[in-house]
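If you want the building blocks of each chain, they are given just below.
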Amino acid sequence: MKFWILSALILLSGCGYQPASYYAKSIVGESVSTEVVVRMEDPQNTVIIKDAVDTAVIMKFRTSLVPKNVARTHLVISIGGVFFSPLRYDTNGYVITYRAAVAMSISRIVDGKTTSYRTVGMYDFEIEPNSIITDQARFEAIRQGAQKAIDAFVAQVAAQGTISK
């Protein structure tokens, strides 16, 4: 009898767990627009990062992308830089693993109020010894780094959402 009462209490009370996207969505709302500030030094990276940001907004916030004039939240993303650093060398001293770091500044604008965030996403990848980083590997590393930076941004926004609940 005690087992059934205890089971019913646990079932009815629940744990109250909510995923991070739930809290993040409570901050950004149902509609979001994005704008990536183009860096004249590296316009190719801006396009890659814009695609990664848009994908992450849809997937992580579970919200829709809309034009700026109808969006509840507008995100302005500035790329602080894209950096590659060697991580691992082979026995001959050739670099075989690199780390790509994508630094971003993100401004979240809601009802004329701006909140700023800084985030960095890192992605490690391997190359063949005594070779250079191919464009394909470079673009993929930047895309993955940008998505990880957006994941860090989602975590920051979700943390704000738990505080405001």
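Residues numbered from 1 in each chain as written. Predicted model: local features only at pLDDT ≥ 70, side-chain atom pairs only at ≥ 80, totals over all residues. Heavy atoms only, no water.

Colleague: Explanation requested: the sheet that holds strand β2 (residues 64-65) in the structure shown.
Modeller: Hydrogen bonds between backbone atoms are what pair the strands of a sheet, whose relative direction is either parallel or antiparallel. The mixed open sheet is built from five strands, whose spatial order is β2-β1-β3-β4-β5. Either end of the sheet is taken by a strand with one partner, and the two such strands are β2 and β5 (113-126). The sheet contact formed by strand β4 (residues 95-110) and β5 spans 14 bridges and is antiparallel. What sits directly across from Y98, in β5, is F125. Packed on one face of the sheet, helix α3 (residues 43-61) meets β1 (31-37), β2, β3 (73-89) and β4 and runs near 160° to β1. (Pairing = 2+ DSSP bridges. Helix = DSSP H or I, 4+ residues; strand = E, 2+ residues; numbered from the N terminus. Contact = heavy atoms within 4.5 Å. Axes fitted to C-alpha atoms, helices over the stretch in contact; angles between N-to-C directions.)

Colleague: What is the right way to look at the pairing of β1 in this model?
Modeller: As a general feature of sheets, a regular strand has side chains that alternate between the two faces. Within β1, five of the seven residues are buried, leaving the element largely enclosed by the surrounding structure. The pairing of β1 with β2 spans two bridges and is parallel. Across the sheet, V32 pairs through a bridge with L65, a residue of β2. As a crossover connection, the stretch from β1 through α3 into β2 is right-handed. (Buried < 20%, exposed > 50% of the residue type's maximum accessible area, 1.4 Å probe, protein only. Right-handed = clockwise from strand over helix to strand, strands pointing away.)

Colleague: Looking at this structure, how should I read α3?
Modeller: One turn of the α-helix equals 3.6 residues, which is why residues spaced by three or four share an orientation. Taking 1.5 Å as the rise per residue, α3 with 19 residues should run 27 Å; its terminal C-alpha atoms sit 26 Å apart, in good agreement. What α3 keeps buried is the set N45, T46, I48, I49, A52, V53, D54, A56, V57 and F61. Directly beyond the C-terminal end of α3, a positive phi value near 50° is found at R62. (Expected span 1.5 Å × (residues − 1).)

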